Amino acid sequence: QIERNASTVGEARRAANSARALALNAGRPTAAEQASQRAVESGGPSAFIDFVRAVAASYWDGDSAAGEAALHRLATAPGDPRDQASDAPGWSACAEGLRGVATEYPDRVATAAARFRALSRTPVAGPTEDNRRLCASVLEAALAVSSRRADARVRLAYADSLFIFSPVSVYWYYSLVVARLHVALGDPVMALHILRRRGVGVGENAAIALLSPVMREEGRLAEATGDTAGAMRAYRHYLALRADPEQALVPQRDSVRAALGALLGEPRKDLSPTR
């Protein structure tokens, strides 16, 4: 419906981007990939769209094959560092690094962080540099956490300070990562605070980027820290978003439904196949 109402090329691109985010939140990666392709065909910045594809595959239940193809395109595209959305080298390094964090491959994260250090030798102004600095700080923090370095908490605090004061519009593509790093350091309270700070972030679809995985993680962390009411709110929000996911994501949806039922005191159902 959003896309049918679009009347200009710019509106069509924005509508396709919104449709992608809504589909990912709904647990429909096939529809999301179709929307991503429409966004490219409408003249959208292909480098940023491929970054979203890659991050979606790692953190947003997106299409894994589309995510791998996006990483390959980013690695081979020249891009334009004067334009944040077209900065293929920056988006490529960021997507590779975030994928490394998600899959627990510190070598991949270290390689991406080194690429950012090389990019910093030829700095650019404006949003492109802001985003590079922001993503680089997240990857450096991830390396510090994975190796249990003494400066891990300082690195995370620095990344968080950039989130608060940076004007770039991709905050929510990093927040889930940073929250999980705080969990890895044994600080679920700080992780929960970061996920609930939804006032930060500007730009198209900032309010709904990664919303379903954030709600799932928020519910889990709230439950773990004793905030039962907050956990139920988050689980209900997730279930409203994932009312009718693709078949592969039904077990995930049902696990959240069971977690909410347990908090409500409902008897657990046997979800195993009937013989």
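Let us look at the structure shown here. (Residues numbered from 1 in each chain as written. Predicted model: local features only at pLDDT ≥ 70, side-chain atom pairs only at ≥ 80, totals over all residues. Heavy atoms only, no water.)

### Section: the overall build of the protein
Step number 1: The helix and strand tally for the protein stands at 13 helices and 0 strands.
Step number 2: Mapped in sequence order, the helices and strands of the protein form the string α-α-α-α-α-α-α-α-α-α-α-α-α.
Step number 3: Taking all 275 residues of the protein together, 48% fall into the buried category.
Step number 4: Considering only contacts within the protein whose residues lie at least 6 apart along the sequence, 60% involve residues at least 24 apart. (Helix = DSSP H or I, 4+ residues; strand = E, 2+ residues; numbered from the N terminus. Buried < 20%, exposed > 50% of the residue type's maximum accessible area, 1.4 Å probe, protein only. Contact = heavy atoms within 4.5 Å.)

### A closer look at helix α8 (residues 152-165)
Step number 1: With 14 residues, α8 extends 20 Å from end C-alpha to end C-alpha; this agrees with the ideal 20 Å at 1.5 Å per step.
Step number 2: Of all the residues in α8, the buried ones are A152, L156, A159, D160, L162 and F163. Buried residues of α8 fall within an arc of 155 degrees about the axis and therefore sit on the same side. Among the exposed residues of α8, those oriented more than 90 degrees off its buried face are V154 and F165.
Step number 3: Against the buried residues of α8 lie α7 (127-146), α9 (172-184) and α10 (188-196). (Expected span 1.5 Å × (residues − 1). Arc of directions from axis to C-beta.)

### Side note on the pattern of salt bridges
Step number 1: Applying the stated criterion across every chain, the model contains 21 salt bridges.
Step number 2: D254 is the partner of R257 in a salt bridge, and the nearest nitrogen-oxygen pair spans 3.7 Å. Residue R257 and its partner D254 are located together in helix α13 (residues 250-263), separated by 3 residues, close to a single helical turn.
Step number 3: On the basis of relative accessibility, which here comes to 44%, the residue R257 falls in the partly exposed class.
Step number 4: Shared partners join several salt bridges into a network, and the residues in it are E33, D50, R53 and R73. (Salt bridge = Lys/Arg side-chain N within 4 Å of Asp/Glu carboxyl O.)

### Comments concerning the side chain of H182
Step number 1: Examined against the element boundaries, H182 turns out to sit in helix α9.
Step number 2: Beyond its immediate chain neighbours, meaning those up to four positions away, H182 contacts L156, D187, M190, A191 and I194.

### Some words on unusual backbone geometry
Step number 1: One non-glycine residue, D61, lies in positive phi territory at about 60 degrees.
Step number 2: Here D61 lies in the loop between α3 (46-59) and α4 (64-76).
Step number 3: Residue L210 is not a glycine yet carries a positive backbone phi of 55 degrees.
Step number 4: As for its position among the elements, L210 is in the loop between α10 and α11 (211-224).

### Here we look at empty space enclosed by the protein
Step number 1: For the structure on display, the rule yields 1 cavity of 30 Å³ or more.
Step number 2: Elements that contribute at least two residues to the lining of the largest cavity include exactly α1 (9-25), α2 (29-41), α3 and α4.
Step number 3: For the lining of the largest cavity, the element with the highest residue contribution is α2, accounting for 4 residues. (1 Å grid on protein atoms, 1.4 Å probe; cavity = no way out; pocket = protein on both sides within 12 Å on 5 of 7 lines; lining within 4 Å. Points joined across faces, edges and corners; volume = space filled by probe spheres on them.)

### With respect to the packing of aromatic side chains
Step number 1: Applying the stated criterion across every chain yields a total of 4 aromatic pairs.
Step number 2: An angle of 10 degrees between the planes, with centres 6.5 Å apart, marks the rings of F163 and Y174 as stacked. Note that F163 is positioned in helix α8 and Y174 in helix α9, a separation of 11 residues in sequence.
Step number 3: When its relative accessible area of 2% is taken as the criterion, F163 is described as buried.
Step number 4: By relative accessible area, Y174 is classed as buried at 0%. (Phe/Tyr/Trp six-rings, centres within 6.5 Å; stacked < 30°, edge-to-face > 60°.)

### Here we look at the nonpolar core
Step number 1: Residues F51, L98, L139, Y173 and Y174 are the most contacted members of the largest nonpolar core, which totals 71 residues.
Step number 2: When residues in this core are grouped by element, the largest group, 10 residues, is from α7.
Step number 3: F51 has contacts with L74, W91, C94, A95, L98, Y173 and Y174, leaving out every residue within four places of it along the chain. (Core = buried A, V, L, I, M, F, W, Y, C linked by side-chain atoms within 4.5 Å.)

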